[in-house]
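# Residue-level structure breakdown
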Amino acid sequence: MPVTARLSRLFYERLGEQIANELVDWFNAVDATYRSDLRDINELNFARFDAKLEQRVAKLDAKIETTAANLQIALEKGLKEQLRWMFAAWAALLIPIIGLWMRR
């Protein structure tokens, strides 16, 4: 939505209709050029931002996968250790129970 520049009536009276209209057209052309340049710069910056964001998301995804794998390995190791101690505790309890049962 371009904004059309307008000059005061005094410009039209002093410079004349033709020169004032040429000045207004020049202002509008400069404005359109700057808007176009700004749009191009914004699109380029957004493309760079999007590429960096995509790269960071990929790094974060890889880091999360590595952390999840390490967590799974640690959890499996902990469960194996817990199961080993559970069997040791069951055996430690079962031996006296069997001994008491046999003594009867």
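Rules used in this analysis
Residues numbered from 1 in each chain as written. Predicted model: local features only at pLDDT ≥ 70, side-chain atom pairs only at ≥ 80, totals over all residues. Heavy atoms only, no water. Helix = DSSP H or I, 4+ residues; strand = E, 2+ residues; numbered from the N terminus. Rg over C-alpha atoms; globule rule 2.2 N^0.38 Å. Buried < 20%, exposed > 50% of the residue type's maximum accessible area, 1.4 Å probe, protein only. Areas by Shrake-Rupley, 256 points an atom, 1.4 Å probe, with all protein chains shown as cover. Phe/Tyr/Trp six-rings, centres within 6.5 Å; stacked < 30°, edge-to-face > 60°. Patch = residues over 30% accessible without salt bridge, like charges linked within 9 Å, V, L, I, M, F, W, Y side chains within 5 Å. Salt bridge = Lys/Arg side-chain N within 4 Å of Asp/Glu carboxyl O.

## As for the overall build of the chain
Summing up its helical and strand segments, the chain has 2 helices and 0 strands in all. Taking 2.2 N^0.38 as the reference for a compact globule, 104 residues should give roughly 13 Å; the C-alpha atoms of the chain span a radius of gyration of 40 Å, well beyond that estimate. Burial statistics for the chain: of 104 residues in total, 4% are counted as buried. Counting every atom, the chain has about 10000 Å² of accessible surface; 65% of that belongs to carbon and sulfur.

## Brief notes about the packing of aromatic side chains
Under the criterion given, the structure shown has 3 aromatic pairs. Judged by centre distance (5.3 Å) and plane angle (50°), the rings of W26 and F27 are tilted.

## As for the environment of K80
Summarising the element assignment, K80 is placed in helix α2 (residues 17-103). Each C-alpha atom, one on K80 and one on L93, is 20 Å from the other, the two residues being 13 residues apart in sequence.

## Observations regarding a nonpolar patch on the surface
Where nonpolar side chains cluster on the molecular surface, the patch consists of L93, L94, I97, I98, W101 and M102 and spans about 700 Å² of accessible area. Along the chain, L93 falls in helix α2. Using a relative accessible area of 56% as the deciding quantity, one classes L93 as exposed.

## Regarding the pattern of salt bridges
For the structure shown, the criterion picks out 3 salt bridges. Of the charged contacts, one joins E17 and R9 as a salt bridge, the two residues approaching to 3.2 Å between their closest N and O atoms. Residue E17 is classed as partly exposed on the basis of its relative accessible area, which comes to 44%. For R9, a relative accessible area of 52% translates into the label exposed. Here E81 makes a salt bridge to R84, at a shortest N to O gap of 3.0 Å.

Purely spatial values, then, with no claim about function.
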